[in-house]
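Residue-level structural notes
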Amino acid sequence: MKSKTHFLQDLNLNSILEPADPTDKNYCATKIVGTIGPACQAVDKQVAMLEAGMSAARFDLTWGPIEYHRRSLDNLQSAMKASRKLCAIMLDTLGREVMIRRPFRIEADGWPNQAGQEISVAAGQTLTLTTRDVECSDTVLPVTYTKFAGMMEQGDTLYVGRYLVSGADSASLYLEVVEVVDGTDVVCVAKNEALLDGLLTVFHVERSSDELLNMQNDLPLLSDYDKECLISLSQDYEVDFISLSYTRSVDDVVEAREFLDAVGLGTTKIFAKLESRQSLLNFKGILNEADGIIISRGNLGLDCLPEKMALIQKTLIQSCNLVGKPVLITRVVDTMAVSPRPTRAEATDVANAVLDGVDGILLGQETLRGFFPIESVQTLVSIARQAEKVFDHHYHFDHLLDTAWEVEEHAAPGGHSPPGDEASPLSSQGDLTELADHEPGRGRAPRRIPSNESFSSLSLAIKAMTRFGPSSYGNLQGMSKADSSNRLFHTSPYVSKLESISSSAVRAADKVGASLIVVYTHTGRTAQLVAKYRPPMPILTLVVPRLVSDTLKWKLEGRHNARQCLLTRGLLPMLATPQPHGDAVLGEAIVMASRMGIVKPNAHVVAVQRIHDDFCVKIFAVDAEGAAIQRAVKLDVTEHGCLTTTPGAVDSGLEGHMVSTTSEISDAAVAKAMAQLAAGK
């Protein structure tokens with residue numbers, strides 16, 4: 001499978017150097033996640049961050065008592081009301097973190113503080129990490145994991161760093177293991193000088209450069225504190241996402257899902273956090289089961305060779321893009337913890353991530369304890385917006401089509417790896433799972449694939465990588481360039497129809513020069529598929545709240561689904577007022593988009609609607625004031641290349657019939673639709 005590349009369409013340096021339009025602050029496709037802590041817990045700070053462009057707030061359970069996080073969540077609710085902006089809630093678990101045991105005091109605001117306990121370490125100094133119950137000193141560091149010494153060998157590398165350490169901190173220490181004494185003490189020598197401060201964590205760097213030799217700790221995926229917080233906080237707040245720290249394999253995601261289902265958090269989405277080389281080797285199975293991916297570049301950069309990190313990041317992002325799942329990266333503007341402006345390397349790093357196709361960027365210590373949390377969000381939004389302007393949307397769309405075609409050509413009969421196919425650098429070593437054929441709501445139990453049937457390359461594993469249904473391969477085939485034998489959609493007609501409609505809407509919007517794509521959705525699934533194709537215009541996701549009853553109480557549904565769209569690139573969720581028909585809701589959305597400056601007078605808007613059991617794509621013309629719908633034309637699906645089904649096809653499971661491919665919506669068909677709009681038909 002060929003990698004995706006990006007090139008600037010305009011090489012005119014003068015145009016690139018032109019200052020950004022100061023009025024162009026209405027929309028940023030890339031999502032920003034801020035970590036809430038002492039620097040931004042106050043309501044006014046969170047209001048400013050929301051107005052600057054923060055899409056989601058992360059609450060890290062690694063540090064801080066539950067009451068502190070509860071107060072932070074209360075402040076977020078107040079900030080959302082004051083700013084009238086939606087913000088998703090993400091809880092980040094403690095998981096398998098190994099820490100140094102040191103005393104701390106609770107400040108007046110409830111945040112634990114270890115100030116005044118700095119440890120100065122010189123290069124070449126000897127330190128001992130121990131599992132004994134002793135006090136921390138300048139030479140002895142007690143660790144929280146009782147079996148720590150049993151994992152070590154002479155020559156191993158350990159990293160001791162401050163919680164959410166940044167490049168601006170001096171609290172980064174590399175140690176080399178000299179010997180293990182009495183099964184409790186690990187004697188090390190310092191490779192560099194450091195000033196250790198705050199909460200200190202320990203990371204065991206993989207000793208091999210090409211395989212897994214380290215013994216892994218047996219700490220639980222979810223600590224008791226994680227479970228307590230998830231159960232307690234979910235009683236008062238709607239938890240949209242959890243960030244699953246130290247995800248190692250698909251089994252971890254399945255375990256987390258079972259726990260969430262058991263405590264009434266079945267709608268909470270799971271972002272698997274990749275923090276070790278083991279997670280990379282099991283990446284395909286993890287991607288298959290998780291709802292999204294977080295590339296934790298801090299720990300991942302410790303466990304992998306520096307020269308490989310850029311390639312790893314690009315491969316992971318491209319893989320997530322192919323299957324339409326959101327992917328976030330961390331550690332981007334470290335120096336903004338102490339500086340109001342990022343370094344040149346950091347600004348370039350952010351822009352390159354956007355050009356690679358990342359959905360969002362997660363800020364850690366920059367907003368948790370940094371001096372410039374608001375400026376950090378503003379800076380990321382500004383950089384991302386400029387990179388999005390030169391993102392090659394057409395190439396991305398065509399790349400999806402070409403990849404699907406290449407997979408179809410090279411896949412061997414039966415769907416397994418052809419003989420001689422070279423293994424992917426991210427091969428799952430047999431730990432690949434495939435979703436069982438199930439309908440939404442039937443659970444997520446995976447079906448194991450025997451190791452001798454595992455896919456040896458990422459392109460062939462596309463068949464198993466999707467949360468939308470059992471066969472992403474069939475969906476990707478639906479975008480291929482020809483289908484003379486009518487072989488499409490034999491395994492998942494409903495899902496394939498969504499894929500076809502979504503790609504058709506993006507192609508139609510591009511051809512008519514639409515300013516906006518509007519998607520009516522309840523779960524966000526259709527909107528996420530549209531976003532997969534990275535259209536250059538915003539995707540307004542209309543969610544109409546509704547009251548549902550579980551026979552014991554009434555509950556308002558809709559806000560939760562809207563917020564879960566906030567971590568997918570390009571989606572702009574909006575809670576709409578219930579109206580007697582869909583066009584009235586669309587009219588309300590046009591008014592809001594006009595106020596935001598997204599839709600101009602006489603612009604065109606493409607809408608994806610579901611009418612009974614079928615979907616359709618419509619093109620709307622906005623009036624001269626830019627505040628209402630003037631005319632609308634429903635695209636003829638049989639003429640414009642969308643999927644059509646016979647009445648009752650969805651309910652009965654009958655297959656749809658693709659009359660032409662989504663990539664071949666002709667200019668003549670678009671011209672006809674535009675003529676109808678102009679004539680007022």
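Residues numbered from 1 in each chain as written. Predicted model: local features only at pLDDT ≥ 70, side-chain atom pairs only at ≥ 80, totals over all residues. Heavy atoms only, no water.

1. Description of empty space enclosed by the protein
Rolled over the atoms, a probe as big as a water molecule pinpoints where empty space is left. Taken as a whole and judged by the stated rule, the model has 5 cavities of 30 Å³ or more. The volume enclosed by the largest cavity comes to roughly 290 Å³. Here the element with the most residues in the lining of the largest cavity is strand 14 (residues 200–205); it accounts for 3 residues. In terms of residue class, the lining of the largest cavity is built from 7 nonpolar, 5 polar and 5 charged. (1 Å grid on protein atoms, 1.4 Å probe; cavity = no way out; pocket = protein on both sides within 12 Å on 5 of 7 lines; lining within 4 Å. Points joined across faces, edges and corners; volume = space filled by probe spheres on them. Helix = DSSP H or I, 4+ residues; strand = E, 2+ residues; numbered from the N terminus. Nonpolar A, V, L, I, M, F, W, Y, C, P; charged D, E, K, R; others polar.)

2. Concerning the sheet that holds strand 9 (residues 140–142)
Read across the open sheet, the 7 strands follow the order 4-14-10-11-12-8-9; overall the sheet is mixed. Edge positions in the open sheet fall to strand 4 (98–99) and strand 9, since each of these has one partner strand only. Inspection of the sheet shows strand 10 (residues 157–162) paired to strand 14 by 6 bridges, in the antiparallel sense. Following the sheet pairing, Arg162 is matched in strand 14 by Leu200. (Pairing = 2+ DSSP bridges.)

3. Notes on the pattern of salt bridges
All chains considered together, the criterion is met by 21 salt bridges. Asp236 is paired through a salt bridge with Arg70; the nearest N and O atoms lie 2.6 Å apart. Remark: Arg70 occurs in helix 3 (residues 66–83) and Asp236 occurs in the loop between helix 4 (224–233) and strand 15 (241–244); sequence separation between them is 166 residues. For Arg70, a relative accessible area of 15% corresponds to the buried category. (Salt bridge = Lys/Arg side-chain N within 4 Å of Asp/Glu carboxyl O. Buried < 20%, exposed > 50% of the residue type's maximum accessible area, 1.4 Å probe, protein only.)

4. Regarding the sheet that holds strand 18 (residues 327–329)
The sheet built from 8 strands closes into a barrel, its strands ordered 1-2-3-15-16-17-18-19 with parallel pairing. When strand polarity is set aside, the average angle formed by the axes of neighbouring strands in this sheet is 25 degrees. Pairing geometry for strand 16 (residues 269–274) and strand 17 (residues 292–295), over 4 bridges, is parallel. Note that in strand 17 the partner of Phe271 across the bridge is Gly292. Running at roughly 165 degrees to strand 2 (residues 54–60), helix 3 makes contact with strand 2 and strand 3 (88–92) of the sheet. (Axes fitted to C-alpha atoms, helices over the stretch in contact; angles between N-to-C directions. Contact = heavy atoms within 4.5 Å.)

5. Examining the pairing of strand 2
Burial of strand 2 is extensive: 7 of the 7 residues sit out of reach of the surface. Of the pairings in the sheet, the one linking strand 1 (residues 31–35) to strand 2 comprises 4 bridges and is parallel in character. Note that in strand 2 the partner of Ile32 across the bridge is Met54. The handedness of the strand 1 to strand 2 crossover, carried by helix 2 (residues 43–52), is right-handed. Here strand 2 pairs with strand 3 via 5 bridges, running parallel. Residue pairing in the sheet places Asp60 in a bridge with Asp92 of strand 3. Crossover strand 2 to strand 3 through helix 3 is right-handed. (Right-handed = clockwise from strand over helix to strand, strands pointing away.)

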